[in-house]
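Here's the letter readout for the chains.
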Amino acid sequence: MEKLLRRELGTAALEETGYSGGGWISEGRSYITDAGCVFVKVNHGAEARRMFLGEMASLDAILQTNSIRVPKPIKVMDLEGGGSALAMEHIQMHSIKQSSMLGEQIADLHLHNQKLGEKLKKEGNTIGLGAGQSKLQCVEKYGFHTVTCCGFIPQVNDWHSDWVTFFTSQRIKPQIDLMEEQSGDREARELWAHLQLKVTDMFRSCQIVPVILHGDLYGGNIAEDGCGPCVFDPASYYGHSECDLAISGLLGGLDSPFYTAYHNKIPRAEGFERRQQLYQLYHSLNQWNHFGAEYREPTVALMSALVQ
C-alpha cells in the first residue's frame, strides 16, 4: 500500500496519522503527505473501482454546489491483487451538533440546480456573456453521468425526462429483480405489481425540479468539523429532493431541528408522508438485498401499507 500511495499520489512523505475509520463495506486510514492529510478508503471487492468512481463523481458534484462541505476527492487507485482505493481530503470529523445548519445546507444543496436555472434564464435575456455570468449548465433531467452505488449495489442513472419513470424503472424495479433472483419472494413481487399502478397518483399534486442528491443521507454519513456540518459517502444523482429525507426514517440521524430548518427553505408538498414511504421502500429493498432475510418483513410491511 505504501508504495502504491507514494507513486499514485506523487508524495515523498507518507506517514500514518493513527486515524482509521470505515463502515460495513470499506475501511480507511489517514496519511500525512506532501500535499497535506489525506484519507484513503480501501475495498478489495471486484466492484470496488466502479463503486469508488461513482463516489468520486458524487463528491465532485456536491462540491461544485458550494452548499455543504464534503471531502475533496483526489484519485481512485487500483490495488495489486484486486480491489481499489479512493484518496480524498481528510476532514477531522466529530458527531453532528449543528443539525439546524445541516438542514439549511442540505436545502441549499437541493435548491442549487433550480437557482442555477433561474440565473441562466435571466442571463439568457442579455446579449453576450458579461463579467460574473455563469458558464455552468442547469440539469433538466433525472439521472447522472455515471453509475453510483448505494452500498455496493450499483444504481443505473440513465437520463430520463420523467421522474416517476426514472424512479420506478431505475430504482425500485432493479431492487425487485435482484430480490427475486436472490430469494424468489413471490409475495413481494405481487405487491410490487399492485403498487406500481398507484405510484403515479402519489405525484399528482407535486411539482418536481431535478436536484443533486446526496443519495444516502443518514446518521452514519453526516458529521461536522470546526467549520460546521459535512457529509460523506454519497451515492448521488439528480432526482426529487424528498428522496434525500427518506433513509433517515429507517436508519435515523436527522432530528427535528434539521427538518424545521430544511422545510423553512423547502416546504413540505401535499402527499409528502406517503411519498416518503415510497422512497423508504427503495432503501428497505436495498437493505434486504445487501443483508438478507432479516429485512424481508419490514420491507413487505412497507409495500403492503403503500398498496392500501
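Our structure is the block above this text.
Nothing here was measured: the structure is a model prediction, and the numbers come from that model.

Draft legend 1. Focus on the pairing of strand 3 (residues 36–43). Across the 8 residues that make up strand 3, a large majority, 6, are buried. Here 7 bridges tie strand 2 (residues 27–33) to strand 3, and the two strands are oriented antiparallel to one another. Looking at strand 3, one finds that Arg-29 is bridged to Val-40. When strand 3 meets strand 5 (residues 84–89), the two strands line up antiparallel, connected through 6 bridges. Looking at the pairing, Asn-43 lines up with Ser-84 of strand 5.

Draft legend 2. Representation of empty space enclosed by the protein in the model. Scanning all chains against the criterion turns up 1 cavity of 30 Å³ or more. Empty space within the largest cavity amounts to approximately 60 Å³. With 3 residues, the single largest contributor to the lining of the largest cavity is helix 8 (residues 272–291). In the lining of the largest cavity, the residues fall into 6 nonpolar, 2 polar and 1 charged.

Draft legend 3. The arrangement of the layout of surface pockets in detail. Considered as a void within the structure, the largest pocket measures approximately 770 Å³ in volume. Looking at the largest pocket, it is lined by 37 residues, and the ones nearest its centre are Gly-23, Lys-41, Asn-221, Phe-232 and Asp-233. Going through the elements one at a time, strand 1 (14–22), strand 2, strand 3, helix 2 (48–65), strand 5, strand 6 (148–150), helix 6 (247–251) and helix 8 are the ones with two or more residues in the lining of the largest pocket. In terms of residue count, helix 8 provides more of the lining of the largest pocket than any other element does, 5 residues in total. Taken together, the residues that form the lining of the largest pocket break down as 18 nonpolar, 13 polar and 6 charged.

Draft legend 4. View of helix 5 (residues 186–195). Restricting attention to buried positions, one finds in helix 5 the residues Ala-188, Leu-191, Trp-192 and Leu-195. The buried residues of helix 5 occupy an angular sector of 100° when projected down its axis, which confines them to one face. If you check the start of helix 5, you find a side-chain oxygen 3.3 Å away from the backbone N of Glu-187, and it comes from Asp-185.

Draft legend 5. Expanded view of the pattern of salt bridges. Tallied over the full model, the rule gives 19 salt bridges. Note that Lys-41 is salt-bridged to Asp-233, the shortest N-O span being 2.9 Å. Placement of the pair is Lys-41 in strand 3 and Asp-233 in the loop between strand 10 (228–231) and strand 11 (238–239), with a sequence separation of 192 residues. Residue classification places Asp-233 among the partly exposed positions, given a relative accessible area of 28%. Arg-189 serves as the salt-bridge partner of Asp-177, at 2.9 Å between the closest nitrogen and oxygen.

What counts, and at which threshold
- Residues numbered from 1 in each chain as written.
- Predicted model: local features only at pLDDT ≥ 70, side-chain atom pairs only at ≥ 80, totals over all residues.
- Heavy atoms only, no water.
- Buried < 20%, exposed > 50% of the residue type's maximum accessible area, 1.4 Å probe, protein only.
- Helix = DSSP H or I, 4+ residues; strand = E, 2+ residues; numbered from the N terminus.
- Pairing = 2+ DSSP bridges.
- 1 Å grid on protein atoms, 1.4 Å probe; cavity = no way out; pocket = protein on both sides within 12 Å on 5 of 7 lines; lining within 4 Å.
- Points joined across faces, edges and corners; volume = space filled by probe spheres on them.
- Nonpolar A, V, L, I, M, F, W, Y, C, P; charged D, E, K, R; others polar.
- Arc of directions from axis to C-beta.
- Polar contact = N/O pair within 3.5 Å; in protein donor to acceptor, adjacent residues only side chain to side chain.
- Salt bridge = Lys/Arg side-chain N within 4 Å of Asp/Glu carboxyl O.

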